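Residue-level structure breakdown
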Amino acid sequence: MLAIESVDKTYPNGTEALALANLRVKEGEIVAVVGGSGCGKSTLLRLAAGLDRTSRGRIRLDGETIAAPHAAVGLVFQEPRLLPWLTVAQNIGFGLSDLPREEREKRVFEVLEHVGLAGYAARWPRELSGGQAQRVAIGRALAPRPKVLLLDEPFSSLDAFTRASLQEHLLDLWEAFRPTLVLVTHDVEEAAFLADRVLVMRPRPGRFVAEIELGLARPRDRYGPAVEAAKRKILRALDLSLREGEELAPAAAI
Amino acid sequence: MAAIETDIAEEEARVVVAKKDFSPRRRGLRLVLGFVLPVALALGWEAAVRFGLVQGRLMPPPSRVLATLYQLAASGELLRHVTVTTARVAAGFALGVAAATLVGALAGASKLARDLVDPTLQGLRAVPSIAWIPLFILWFGIYEQSKIILIAVGSFFPVYLGMLGAILSVDRKTVEVGRIFRLSTPALVRRILLPAILPAYVVSLRAGLGMGWMFVVAAEFMGASEGLGYLLVDGQQLGKTEQILAAIFAFAVLGKITDGLLVAVAAPFLTWQDAFAPRD
């Protein structure tokens, strides 16, 4: 279980980026964090990934405080960030260098299959389309079998068609590996389609202002009434939080 | 899955287009195109001299230059001069590259080292390297040592600048990928930093090698009894213009060959690059 425990992040210049209440993410849960730009959602992910340190409070995974990048936490960046000098297969195996070669190759092959790029093992990143590159990036993050996968607006730079297909794809991968997913996004439809629970954030300082338990079964119909209703719910929460700035519902207490 | 299939089809179309650009016929054509201008100029000059339009004394026709080259080659003299000059460039270049790589890496890795050495080096870089010759002769004598050091100084600066610039411009985002996968510092250097700086480093090596060939001439001007630079001086003093041109031609060929070797050695490590495509 991933627990955010009254986390503050203040930058050296005094800017208070985050002032978060407590939050718990259950194992295997898909949580979407939505909010406008600058609301601190990416900062939150960087803290959870151990790339930055909290100023106060802590983030714990199964009781263990995350203070540095952790083997059980994977991160997918907004852009694929593939290493251009490694082939697709080598990129996917990048985090597996501790494994013996045979085991590593087996894992890489398995992930390649899962991300639908089995024929692309020997390709260079420059030969991939944007969607393919992001699939490789997700594969690279999943290859070491993290318990938690953090995704920072992973599909935001893709066209709508590719984005929809990658969302489906992410769900397939989630079915296969069952990691806890924390997905930061500004795409309300993405949140409504993917998440079990949606957290709405507001900036200055970044904080949770609403929590929406979607309670929808999967598979979901992207254009069906349930997802539409969820979208409206999220939009209303975002809109209210923008207009009135009042806290709708304090994020889940422990 | 339909999306993936479209992707694959699109991808295959791209690859086909890319392959076309690499076709041997196109490469052959480009090779031929590169020879058109020099060969035409040479033939034109040859004809102009033969038909008495110009005198060939100060600008000998290609046939005489080639004849001189042939004589020099047949007597074994050319090989001796080429070997001596190449050895000087090799030694000076190696020395300059080793120093530049080390200092550049230090300056790139540590802000303190950078603040300490970079201003001085930038100042020294502003000195035209030929200006060192009198000093180097006094310090190191007129034999090999001063020549090799001059060449080393010449190739030092491009490589130093390239190394430092490459390290400083490594993308923070790429380094973060290494951090997320918890690479140790040596692993980060080996798996992220080295491959990331390699392209810019190779470019700086090529620039440094070019400087090496430039400075070997200056070095051999300051008193040498062997080497292509000596052939130049000797040709000037005795009015043997064809010998001067023969030496210049040899420089052109050697410079191109060594640069090509450098590119060929680096190419297997850089096939991943978008821009690095000496073949296309």
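Residues numbered from 1 in each chain as written. Chains lettered and ligands numbered in written order. Predicted model: local features only at pLDDT ≥ 70, side-chain atom pairs only at ≥ 80, totals over all residues.

Here we take up the overall build of chain B. Tallying secondary structure elements over chain B gives 11 helices and 0 strands in all. Each helix (α) and strand (β) of chain B, taken in turn from the N terminus, gives the series α-α-α-α-α-α-α-α-α-α-α. Out of the 280 residues in chain B, the part that is buried amounts to 29%. For chain B, long-range pairs separated by at least 24 residues make up 72% of all intrachain contacts whose partners lie at least 6 apart in sequence. (Helix = DSSP H or I, 4+ residues; strand = E, 2+ residues; numbered from the N terminus. Buried ≥ 20, exposed ≤ 12 C-beta atoms within 10 Å, placed from the backbone. Contact = placed C-beta atoms within 7 Å.)

Of regular secondary structure, chain A possesses 7 helices and 11 strands. Its C-alpha atoms give chain A a radius of gyration of 18 Å, within 12% of the compact-globule value 18 Å for 254 residues. Over its C-alpha atoms, taken along the principal directions, chain A stretches across nearly 55 × 45 × 30 Å. Across the 254 residues that make up chain A, the buried fraction comes to 46%. Long-range contacts, defined as pairs at least 24 residues apart, comprise 70% of the intrachain contacts of chain A with a sequence gap of at least 6. (Rg over C-alpha atoms; globule rule 2.2 N^0.38 Å.)

Core analysis: the biggest nonpolar cluster contains 81 residues, and A:A48, A:L150, A:V182, A:V198, A:V200 and A:I234 have the highest contact counts within it. Take this core: its biggest share by element is 6 residues, from helix α4 (residues 130–142) of chain A. If you look at the next biggest cluster of nonpolar residues, it comprises 47 residues, including B:Y160, B:I192, B:V202 and B:L228. (Core = buried A, V, L, I, M, F, W, Y, C linked by C-beta atoms within 7 Å.)

On to the interface of chain A and chain B, then. Listed per partner, the contact involves 20 residues of chain A and 17 residues of chain B. Those elements that provide at least two residues to the side of chain A that touches chain B are α4 and α5 (160–177) of chain A. Looking at the side of chain A that touches chain B element by element, the count peaks at 3 residues for α5(A). In terms of residue class, the side of chain A that touches chain B is built from 11 nonpolar, 7 polar and 2 charged. (Nonpolar A, V, L, I, M, F, W, Y, C, P; charged D, E, K, R; others polar.)

Glancing now at the packing of helix α3 (residues 62–74) of chain B against helix α11 (residues 241–270) of chain B. All names here are of chain B. Their axes nearest at 8 Å, the elements α3 and α11 cross at an angle of 75°. Of the possible angle classes, the one that applies to α3 and α11 is roughly perpendicular. In this structure, α3 contributes R64, V65, T68, L69 and L72 to the contact, and α11 contributes E242, Q243, L245, A246 and F249. Taken together, the residues that form the contact of α3 with α11 break down as 6 nonpolar, 2 polar and 2 charged. (Axes fitted to C-alpha atoms, helices over the stretch in contact; angles between N-to-C directions. Parallel < 35°, antiparallel > 145°, perpendicular 65-115°, else oblique.)

Most of strand β11 (residues 207–213) of chain A sits out of view: 5 of its 7 residues are buried. The loop that links strand β10 (residues 197–202) of chain A with its antiparallel partner β11(A) comprises 4 residues; one of these, A:R204, has a positive phi angle of about 50°. (Pairing = 2+ DSSP bridges.)

Quick look at unusual backbone geometry now. Residue and element names in this part refer to chain A. Residue R204 is joined to P205 through a cis peptide bond whose omega torsion reads -15°. That bond from R218 to P219 is cis: its omega, 0°, falls within 30 degrees of zero. Among the secondary structure elements, P219 is positioned in the loop between β11 and α7 (225–243). A positive phi angle, near 45°, is found at D62, a position not held by glycine. Positionally, D62 belongs in the loop between β5 (56–61) and β6 (64–65).

Take the sheet that holds β10(A) next. All names here are of chain A. With mixed pairing, the 6 strands of this open sheet are ordered in space as β7-β8-β9-β4-β10-β11. In this open sheet, the two strands that pair with only one neighbour each are β7 (73–76) and β11. Each adjacent strand pair in this sheet contributes to an overall mean axis angle of 20°, direction not counted. Across 4 bridges, strand β4 (residues 30–34) lies against β10 in parallel orientation. Each bridged residue has a counterpart across the sheet, and for V31 the counterpart in β10 is R197. Of the strands in this sheet, β7 and β8 (148–152) are in contact with α4, which crosses β7 at around 170°.

The subject of this paragraph is helix α3 (residues 101–114) of chain A. All names here are of chain A. In a regular helix each residue adds 1.5 Å, so 14 residues correspond to 20 Å; α3 covers 20 Å between its end C-alpha atoms and thus fits that length. The complete set of buried residues in α3 reads V108, V111 and L112. End-on, the buried residues of α3 take up no more than an arc of 105°, which puts them together on one face. Across from the buried face of α3, at angles greater than 90 degrees, the exposed residues are E102, E103 and E113. Where α3 is buried, its residues touch α2 (88–92) and α4. The positive-phi residue at the C-terminal boundary of α3 is G116, with phi of around 75°. (Expected span 1.5 Å × (residues − 1). Arc of directions from axis to C-beta.)

All names here are of chain A. In the predicted model, chain A carries a mean pLDDT of 86, and 94% of its residues have values of at least 70. Of all helices and strands in chain A, the one with the weakest mean pLDDT is strand β2 (residues 16–19) (81), whereas β8 scores best (94). Predicted confidence is poor over residues 245–254, with pLDDT under 50, and the contacts of this stretch with residues over four places away or in other chains come to 20 contacts. (pLDDT = per-residue confidence, 0-100.)

Assigned domains of chain B: these are domain 1 (21–54) and domain 2 (65–270). Each of domain 1 of chain B and domain 2 of chain B was reduced to a C-alpha centroid, and the two centroids are 30 Å apart. (Domains from an automatic or database assignment.)

We now examine the confidence of the model for chain B. Residue and element names in this part refer to chain B. For chain B, per-residue confidence averages 85 on the pLDDT scale, and 89% of positions sit at 70 or higher. For residues 1–9, every residue scores under 50 in pLDDT, and the model assigns this stretch 8 contacts once sequence neighbours within four places are set aside. Below pLDDT 50 for its whole length, residues 11–20 participates in 1 contact with residues either more than four positions away or in separate chains.

Attention shifts here to helix α5 (residues 111–125) of chain B. Every α-helix carries 3.6 residues per turn, so stepping three or four residues along brings you back to the same face. Helix length check: α5(B) (15 residues) gives 20 Å between terminal C-alpha atoms against 21 Å at 1.5 Å per residue, within 8%. A bend of about 35° at B:V117 is the largest found in α5(B), and the proline B:P119 appears one to four places after it. (Bend = angle between axes of the 7 residues up to and from the residue.)

Glancing now at the environment of B:L245. Residues and elements named next belong to chain B. Along the chain, L245 falls in helix α11. Looking at L245, the number of C-beta atoms within 10 Å reads 21, which means it is buried. Contacts of L245, omitting those with residues within four sequence positions, involve P60 and V65.

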